[in-house]
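Here are the chains, one letter per residue:
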Amino acid sequence: MRKTVCILLALLVLAFAVQAGEKACPAKRAAEKGYKAIEEFHKVLGPTWHQAWPAKDYDALIAAGPEFARTFKAIAELEMIFKTEVRVNAFEKARTQFAEAVKQYTEACEAGDKEKVYELMPALHEAFEMTASAMLPVHYPQFDGFVVEMNSILGNYLPENDTEAIATSTASLVEMAASLDETTIPEDLKEKQKEILVDLAAIKDLAAKLKECCDNDDMENYRVHIDDLNARVDEFIRKYI
C-alpha cells in the first residue's frame, strides 16, 4: 500500500512538473501572444524534439529539415517593435543564432548525416526557445504583482462595495508600490530608468491617496483615484512592458 502511494505521489509530481514546464515554455507563451510564425515552427519542432529525438528516429529527424527551413522563413521576416535598444539587440542576436542553427540542421538533413542531425537537434531547440523568449513582454514580477492587486480591487471589491477587503488590499498595494524602485527595474529597462522612476513615483503617490481615502472612509474620492491609477498603470505598460 505504501509503495502504491509513493508511486501515485511521484506521478502527481511529474504531472505538475510537466504542466509547469509547458506553462513556462517561452514558445508556448509567444504563441499565446499571437505570434503565428512561432506557433507554426513549434508544430514541427514539438514532435521532433519530444518524440523523434529521444527515440533516435533518424528518418523523422531528417524529414523535419525541410519543414524547419519552410517555417523559419516567417520568423526571419518578422518585424518586431521593442521599446528599448537592449531588447532590440537581444532579439536580433537570438534570431541570428536561430537562423544559423536552422541552416546547419537543414544542411545535415540534405547530406543525410543522421548522427550530425541528432547532435544538432538540442542546439536548434535552444535557439528557438531563446528567440521566442526575446519576443515576450519584459518580465517585471514586482510590477505584475501590483497590477494583480489593483485589478482585484477594481474587479472584485469595489463592485461589491466590500470596504474591509478594499482597505486590506489597498494596504498591500501601498507596500507593493514601495518595492517599485531602481533595485527592481528589469535589466531590459535600465536605459529608461530615470523616466521610469518618475512614472513609478506618480503611481506610488496615487496608491498613497487610496490609503488616505480608506483611512477617512472616503469611497467617493477613492474611486476617482483608483481610476487615475488604472490609467497610469495602463500607460506604464504601454510605454515599457
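Preceding block: the structure.
Note that the structure is a prediction, hence the values are computed from the model and not measured. (Residues numbered from 1 in each chain as written. Predicted model: local features only at pLDDT ≥ 70, side-chain atom pairs only at ≥ 80, totals over all residues. Heavy atoms only, no water.)

(A) Broad picture of the overall build of the chain. Scanning the chain from N- to C-terminus turns up 10 helices and 0 strands. Its C-alpha atoms give the chain a radius of gyration of 24 Å, clearly above 18 Å, the size a compact globule of 241 residues would have. For the chain, the spread of C-alpha atoms along the principal axes amounts to about 75 × 60 × 30 Å. A separation of at least 24 residues holds for 74% of the contacts in the chain among residues at least 6 apart in sequence. Put simply, the chain has 28 plus and 42 minus side-chain charges, and the middle of one group is 4 Å from the middle of the other. (Helix = DSSP H or I, 4+ residues; strand = E, 2+ residues; numbered from the N terminus. Rg over C-alpha atoms; globule rule 2.2 N^0.38 Å. Contact = heavy atoms within 4.5 Å. Lys, Arg positive; Asp, Glu negative; His and termini not counted. Charge placed at Lys NZ, Arg CZ, Asp CG, Glu CD.)

(B) Region of interest: the side chain of Thr48. Structurally, Thr48 can be placed in helix H3 (residues 36–52). According to the relative accessible area criterion, Thr48 is buried, its value standing at 6%. A polar contact is formed between the side chain of Thr48 and the backbone oxygen of Val44, at a distance of 2.7 Å. (Buried < 20%, exposed > 50% of the residue type's maximum accessible area, 1.4 Å probe, protein only. Polar contact = N/O pair within 3.5 Å; in protein donor to acceptor, adjacent residues only side chain to side chain.)

(C) Focus on the layout of surface pockets. Of the volumes computed, that of the largest pocket is approximately 550 Å³. As for the largest pocket, its lining consists of 22 residues, of which Ser133, Leu136, Pro137, Val138 and His139 are closest to the centre. Taken together, the elements giving at least two residues each to the lining of the largest pocket come down to helix H5 (85–110), helix H6 (114–135) and helix H7 (141–160). The dominant element in the lining of the largest pocket, judged by the number of residues it contributes, is H5, at 6 residues. Considering only residue class, the lining of the largest pocket consists of 13 nonpolar, 3 polar and 6 charged. (1 Å grid on protein atoms, 1.4 Å probe; cavity = no way out; pocket = protein on both sides within 12 Å on 5 of 7 lines; lining within 4 Å. Points joined across faces, edges and corners; volume = space filled by probe spheres on them. Nonpolar A, V, L, I, M, F, W, Y, C, P; charged D, E, K, R; others polar.)

(D) Region of interest: helix H10 (residues 219–240). Between its first and last C-alpha, H10 extends 31 Å over 22 residues, near the 32 Å set by a 1.5 Å rise per residue. Buried within H10 we find Met219, Tyr222, His225, Ile226, Leu229, Val233, Phe236 and Tyr240. The arc enclosing the buried residues of H10, seen along the axis, measures out at 110 degrees, which places them on a common side. For H10, exposure combined with an orientation more than 90 degrees from the buried face picks out Glu220 and Arg238. Those residues of H10 that are buried are in contact with H7, helix H8 (163–178) and helix H9 (193–215). (Expected span 1.5 Å × (residues − 1). Arc of directions from axis to C-beta.)

(E) Geometry of the nonpolar core. Of all hydrophobic cores here, the largest spans 37 residues; its most connected members are Phe41, Phe68, Phe98, Tyr105 and Leu124. Among the elements of the structure, helix H2 (26–32), H3, helix H4 (58–76), H5 and H6 are those that each provide at least two residues to this core. Examining the composition of this core, we find that 10 residues originate from one element, H6, more than from any other. For Phe68, the residues in contact, after removing those within four places along its chain, are Phe41, Val44, Leu45, Thr48, Val102, Tyr105, Met121 and Leu124. One finds Tyr140, Met150, Cys213 and Ile241 within the second-largest nonpolar core, a separate group that totals 30 residues. (Core = buried A, V, L, I, M, F, W, Y, C linked by side-chain atoms within 4.5 Å.)

(F) Molecular detail of the packing of H9 against H10. Running from N to C, H9 and H10 cross one another at 160 degrees; their axes reach a closest spacing of 9 Å. Our classification of the angle between H9 and H10 gives roughly antiparallel. Both H9 and H10 take part in a crossing whose hand is left-handed. Residues Glu195, Ile196, Asp199, Leu200, Ala202, Ile203, Leu206, Lys209, Leu210, Cys213 and Cys214 of H9 lie in contact with H10, whose contacting residues are Met219, Asn221, Tyr222, His225, Ile226, Asp228, Leu229, Arg232, Val233, Phe236, Lys239 and Tyr240. (Axes fitted to C-alpha atoms, helices over the stretch in contact; angles between N-to-C directions. Parallel < 35°, antiparallel > 145°, perpendicular 65-115°, else oblique. Left-handed = near helix turned anticlockwise from the far one by under 90°.)

(G) Region of interest: the packing of aromatic side chains. The tally for this structure, following the rule as stated, stands at 13 aromatic pairs. The interplanar angle of 15 degrees and the centroid separation of 5.0 Å between the aromatic rings of Trp53 and Tyr118 together place this pair among those described as stacked. Within this pair, whereas Trp53 is found in the loop between H3 and H4, its partner Tyr118 is found in helix H6, the two being separated by 65 residues in sequence. Consider the rings of Tyr58 and Tyr118, whose centres lie 6.1 Å apart with planes at 70 degrees: the pair is edge-to-face. Of this pair, Tyr58 sits in helix H4 while Tyr118 sits in helix H6; the two residues are 60 residues apart in sequence, bridging distant segments of the chain. Side by side, Tyr58 and Tyr118 carry an identical accessibility label, which is buried. An aromatic cluster is built from Phe41, Phe68, Phe72, Phe98, Tyr105 and Phe128, whose rings are joined through pairwise contacts. (Phe/Tyr/Trp six-rings, centres within 6.5 Å; stacked < 30°, edge-to-face > 60°.)

(H) Quick peek at the pattern of salt bridges. On inspection of all chains with the given rule, the structure shows 12 salt bridges. Between Glu195 and Lys239 there is a salt bridge, with the nearest N and O atoms lying 3.3 Å from each other. Residue Glu195 is located in helix H9, and its partner Lys239 is located in helix H10; the two are separated by 44 residues in the primary sequence. (Salt bridge = Lys/Arg side-chain N within 4 Å of Asp/Glu carboxyl O.)

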